[in-house]
Amino acid sequence: MRTTVLVLVLLPVCGQDRLGYDDTPHLPGGKWRVHDGRRPQPRVVTPGTKPGQAPSDAVVLFDGVDLSKWQKGNGSDAHWKVEDGYMEVLKGGAIDSRDHFGDCQLHIEWATPVEVKGKGQGRGNSGVYLMGRYEVQVLDSWNNKTYPDGQAAALYGQSPPLVNACRAPGEWQTYDIVFRSPRFAEGKLSSPARATVLHNGVIVQDAVKLIGATTHKRAAKYRPHSPKGPIRLQDHGNPVRYRNIWVRPLVAPQSDR
Ligand code: MG
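What you see is a predicted model, and the numbers here were worked out from it, not measured in a lab.

Caption draft 1: Region of the structure containing the overall build of the protein. A tally of regular secondary structure across the protein gives one helix and 15 strands. Taken against the 2.2 N^0.38 rule, which gives 18 Å for 257 residues, the C-alpha radius of gyration of the protein at 23 Å runs more than 25% over that of a compact globule. For the protein, the C-alpha atoms occupy an extent of roughly 90 × 45 × 35 Å along the three principal directions. Residues classed as buried in the protein amount to 40% of the 257 residues present. At a minimum sequence separation of 6, the contacts of the protein that also span at least 24 residues come to 62%. Just so you have it, the protein exposes about 14700 Å², and 54% of that area is on carbon and sulfur atoms. Between the averaged position of the 34 positive side-chain charges in the protein and that of its 25 negative side-chain charges there is a distance of 5 Å.

Next up, the structure:
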């Protein structure tokens, strides 16, 4: 009698708690079924309260206070100017994040100088290098023509942006970058790097495959390297500013979730 009552009570509860289905077809190439309730739940991330603000699981590389997360290429402390919540390029070389990353999402904000000087590649030039090798160009491309694969938001020397979404000199601009690192096996490239870039919220690079590490006046090519590298900010001799820089390492795209 007691067993019967329990079964009657529990059956409807189990039905309500079941998250999905176990009688549906398997998804191609994986172990999960369509609507499989046993599939791991995505972890919770708290987004920023304002657009562009770091979510809860981001690695904050610069919050406007100091350059403690950055260094010069030789490992000494970063030397760029920090003022009023931004950093500014100072002559003396690029700076690298102390932390290294492979696949990642990067948010970074930048502004070219209010005082317009120079033209083409000489105006507001800097750059954001993923893994210290793959440059997303920073340039004042507001009324400033240059070769298209060298303008703002280009994958330098390889892929011009789909559109020119540049703001005026001195205005803050955003890059949101999703980067997939290249894979190497037995000393050879097995899968090229891919970059997706939004410039001021506008898509400008759509999962573009890179042909190799950034270079100037040559065709880029790959050389095997370690699976992680620094975010590098380029010193091209112009006082470009950066602020609000954060990164989220990403899991491999084909991981079994
Ligand atoms: Mg550059």
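Caption draft 2: Local environment of the pattern of salt bridges. Using the criterion set out here, one finds ten salt bridges in the structure. We note a salt bridge from glutamate 88 to arginine 241, for which the minimum N-O separation is 2.7 Å. In this pair, glutamate 88 sits in strand E4 (residues 86–88) while arginine 241 sits in strand E15 (residues 241–249), placing the two residues 153 residues apart along the sequence. Residue class for glutamate 88 comes out buried when judged on its relative accessible area of 8%. The partner of arginine 180 in a salt bridge is aspartate 103, and the shortest N-O contact between them spans 3.2 Å. Placement of arginine 180 in strand E9 (residues 173–180) and of aspartate 103 in the loop between strand E5 (95–101) and strand E6 (104–111) is noted, with a sequence separation of 77 residues between them. With respect to class, arginine 180 is no different from aspartate 103; both count as buried. In the salt-bridge network here, residues are joined through shared partners; they are Arg43, Asp57 and Arg248.

Caption draft 3: Up close: the environment of isoleucine 108. On the secondary structure map, isoleucine 108 appears in strand E6. We classify isoleucine 108 as buried; its relative accessible area is 0%. Taking the C-alpha atoms as reference points, isoleucine 108 and aspartate 206, 98 residues apart in sequence, are found 18 Å from one another.

Caption draft 4: Representation of a nonpolar patch on the surface. Together, Leu162, Val163, Val202 and Ile203 make up an exposed nonpolar region whose accessible area comes to about 330 Å². Looking at where valine 163 falls in the secondary structure, it is placed in the loop between strand E8 (134–138) and E9. The class of valine 163 is partly exposed, set by a relative accessible area of 41%.

Cut-offs and rules
Residues numbered from 1 in each chain as written. Predicted model: local features only at pLDDT ≥ 70, side-chain atom pairs only at ≥ 80, totals over all residues. Heavy atoms only, no water. Helix = DSSP H or I, 4+ residues; strand = E, 2+ residues; numbered from the N terminus. Rg over C-alpha atoms; globule rule 2.2 N^0.38 Å. Buried < 20%, exposed > 50% of the residue type's maximum accessible area, 1.4 Å probe, protein only. Contact = heavy atoms within 4.5 Å. Areas by Shrake-Rupley, 256 points an atom, 1.4 Å probe, with all protein chains shown as cover. Lys, Arg positive; Asp, Glu negative; His and termini not counted. Charge placed at Lys NZ, Arg CZ, Asp CG, Glu CD. Salt bridge = Lys/Arg side-chain N within 4 Å of Asp/Glu carboxyl O. Patch = residues over 30% accessible without salt bridge, like charges linked within 9 Å, V, L, I, M, F, W, Y side chains within 5 Å.

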